[in-house]
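Summary of the model geometry
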Amino acid sequence: MARIKGAMATRKRRKKVLKAAKGYYGSKHRLFKTAKQAVMKSGQYAYIGRKQKKREFRRIWISRISAACKMNGINYSSFMNGLKKADIQLNRKMLSEIAIADPEGFKSLVETAKDALA
């Protein structure tokens with residue numbers, strides 16, 4: 001019986017890696033060995049980045065809410081505490097959108113929070 005070599009599978013595997021490395025600088029998109037290393041490292045960066053993205057957006061939302069609160073004469077932590085006591089359940093993403101798009105609506109939320117604290 002004839003011996004089967006893995007030429008097709010090897011070529012397919014290498015083409016997949018080189019396709020993923022398309023656009024990389026220098027030999028990283030030409031040579032299999034360096035391309036494989038670059039693709040593996042970029043996969044690690046992508047995995048980490050997906051976690052970091054969530055943190056970054058939360059920081060942005062909090063900064064926006066904090067700035068809008070300062071314009072309305074209250075600090076961020078007091079505002080969030082007031083919302084919790086007033087039983088208003090809005091997440092930070094929606095609060096930041098309201099602060100940008102509807103300043104009057106945000107002002108009413110601040111007044112509600114202040115009333116709940118008093």
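The structure reproduced in this document is the subject of the present report. Note that the structure is predicted; figures quoted are calculated from it, not measured. (Residues numbered from 1 in each chain as written. Predicted model: local features only at pLDDT ≥ 70, side-chain atom pairs only at ≥ 80, totals over all residues. Heavy atoms only, no water.)

Turning our eyes to something else, we now look at the packing of helix H4 (residues 92-101) against helix H5 (residues 103-117). Put simply, H4 and H5 touch, their axes get as near as 5 Å, and they point 125° apart. Relative to H5, H4 is oriented oblique. On the side of H4, the interface is formed by Leu-95, Ile-98, Ala-99, Ile-100 and Ala-101, while H5 contributes Pro-103, Gly-105, Phe-106 and Leu-109. Each residue belonging to the contact of H4 with H5 can be placed in one class, and the counts come to eight nonpolar, one polar and no charged. (Axes fitted to C-alpha atoms, helices over the stretch in contact; angles between N-to-C directions. Helix = DSSP H or I, 4+ residues; strand = E, 2+ residues; numbered from the N terminus. Parallel < 35°, antiparallel > 145°, perpendicular 65-115°, else oblique. Contact = heavy atoms within 4.5 Å. Nonpolar A, V, L, I, M, F, W, Y, C, P; charged D, E, K, R; others polar.)

This next bit is on the layout of surface pockets. Of the voids in this model, the largest pocket is the one considered here, and its volume is about 170 Å³. Around the largest pocket, the lining residues are Arg-64, Ala-67, Ala-68, Met-71, Asn-72, Ala-99, Ile-100, Pro-103, Glu-104, Phe-106 and Lys-107. Broken down by secondary-structure element, the contributors of at least two residues to the lining of the largest pocket are helix H2 (32-71), H4 and H5. Looking at the lining of the largest pocket residue by residue, the classes come out as seven nonpolar, one polar and three charged. (1 Å grid on protein atoms, 1.4 Å probe; cavity = no way out; pocket = protein on both sides within 12 Å on 5 of 7 lines; lining within 4 Å. Points joined across faces, edges and corners; volume = space filled by probe spheres on them.)

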